[in-house]
Amino acid sequence: TVTTTPASLGVDVTYDGSSTPPTNAGSYAVVATVNDANYIGSASDTLVVSPATATVTISGTSQTYDGSPKSVTVTTNPGGLPVSVTYDGNPTAPTDAGTYAVAVTITDPDYSGSSNSSLVIAKATATVTIANTSQAFDGSPKPVTVTTAPSGLATIVTYNGSIIVPATAGSYLVVATVGDPNYAG
């Protein structure tokens, strides 16, 4: 707003040298010059247009491992604003099971807004099959055979709570547990 003394004098206003008022966020040098045959005068100042506040909503924060990267879903209001998303500070969406800090920031210079959350990638379920559970005593250790689906996962096998494979005759409670960071079973 420009006022003059005496009131109602014609004034030319420029913003960074342009007569068009700015519509984007930023700082603009403003010069107001009296445009009247009987008066002279001018004033200058800085116009600051602050970014508008926008909201950021993060969803899709609970997912299950399947070997592919898992990214969250981000919506903004107003819609469609560009954003920066990081997972534990990295812009690449994670693949492995675990919990990741998610930070989202609007990158449009005319808007400001951000949100934080956590992405939890749960372990996938694996199937464990134990075979070769009936063996004849011959004095040597008698390990069971363990297979997994998906195949090849590391397992931890215990016999009555011990990892030592039994070599004596008897009945043993066998427990096989997946030891893979991305699978449970």
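Since the model is a prediction, treat every value here as computed from it, not as a measurement.

Now for unusual backbone geometry. Along the chain, T5 connects to P6 via a cis peptide bond; the corresponding omega equals 0°. Among the secondary structure elements, P6 is positioned in the segment before β1 (11–15). Note that the residue after A149, namely P150, is joined by a cis bond; omega there is 5°. With respect to the secondary-structure elements, P150 resides in the loop between β14 (145–149) and β15 (155–159).

Here we take up the side chain of T4. Residue placement: T4 occurs in the segment before β1. Overall, T4 belongs to the buried group, its relative accessible area being 17%. At 2.7 Å, the side chain of T4 and the backbone oxygen of P6 are in polar contact. Setting aside residues no more than four positions away along its own chain, T4 makes contact with L9 and V11.

A word on the packing of aromatic side chains. Scanning all chains against the criterion turns up 1 aromatic pair. Look at Y65 and Y183: their rings are 5.4 Å apart centre to centre, the planes differ by 80°, and that puts the pair in the edge-to-face class. One end of the pair, Y65, is in the loop between β6 (62–64) and β7 (73–77); the other, Y183, is in strand β17 (residues 183–184), and 118 residues separate them in sequence. Judged on exposure class, the residue Y65 and its partner Y183 are both buried.

It is worth spelling out the environment of T158 at this point. Along the chain, T158 falls in strand β15. Not counting residues up to four positions away in its chain, the partners in contact with T158 are I163, L173, V174 and V175.

With mixed pairing, 4 strands are arranged side by side in an open sheet as β6-β11-β9-β8. The sheet terminates laterally at β6 and β8 (83–87), the two strands that pair on one side only. Taken over all neighbouring pairs, the strand axes of this sheet differ in orientation by 25° on average, direction set aside. Of the strand pairs in this sheet, β6 and strand β11 (residues 114–122) are connected by 3 bridges, and their pairing is parallel. Note that in β11 the partner of S62 across the bridge is V120.

The subject of this paragraph is the environment of A126. Tracing the sequence through the fold places A126 in the loop between β12 (124–125) and β13 (127–131). With 58 residues separating them along the chain, A126 and A184 place their C-alpha atoms 5.8 Å apart. Apart from the residues within four sequence positions on either side, A126 is in contact with A149, P150, L153, V178, Y183, A184 and G185.

As enumerated under the stated definition, the model contains 2 salt bridges in all. As a salt-bridge pair, K70 and D66 come within 2.9 Å of each other at their nearest N and O atoms. We note a salt bridge from K142 to D138, for which the minimum N-O separation is 2.8 Å.

A separate point is the nonpolar core. One recurring pattern in soluble globular proteins: nonpolar side chains tend to sit buried together. Grouped together as the largest cluster of nonpolar side chains are 19 residues, with contacts concentrated most on V72, Y87, V102, L119 and Y183. Broken down by secondary-structure element, the contributors of at least two residues to this core are β5 (55–59), β8, β9 (98–106) and β11. Broken down by element, the residue count for this core peaks at 4 residues, all from β9. Ignoring any residue separated from it by four or fewer positions in sequence, one finds L119 in contact with G60, T61, Q63, K70, V72, Y87, P94, G98, T99, Y100 and V102.

Okay, the side chain of K70 next. Here K70 shows up in the loop between β6 and β7. For K70, the side chain forms a polar contact with the side chain of D66, separated by 2.9 Å. When sequence neighbours within four positions are dropped, the list of residues in contact with K70 reads Q63, T64, Y87, A93, P94, L119 and I121.

What counts as what
- Residues numbered from 1 in each chain as written.
- Predicted model: local features only at pLDDT ≥ 70, side-chain atom pairs only at ≥ 80, totals over all residues.
- Heavy atoms only, no water.
- Helix = DSSP H or I, 4+ residues; strand = E, 2+ residues; numbered from the N terminus.
- Buried < 20%, exposed > 50% of the residue type's maximum accessible area, 1.4 Å probe, protein only.
- Polar contact = N/O pair within 3.5 Å; in protein donor to acceptor, adjacent residues only side chain to side chain.
- Contact = heavy atoms within 4.5 Å.
- Phe/Tyr/Trp six-rings, centres within 6.5 Å; stacked < 30°, edge-to-face > 60°.
- Pairing = 2+ DSSP bridges.
- Axes fitted to C-alpha atoms, helices over the stretch in contact; angles between N-to-C directions.
- Salt bridge = Lys/Arg side-chain N within 4 Å of Asp/Glu carboxyl O.
- Core = buried A, V, L, I, M, F, W, Y, C linked by side-chain atoms within 4.5 Å.

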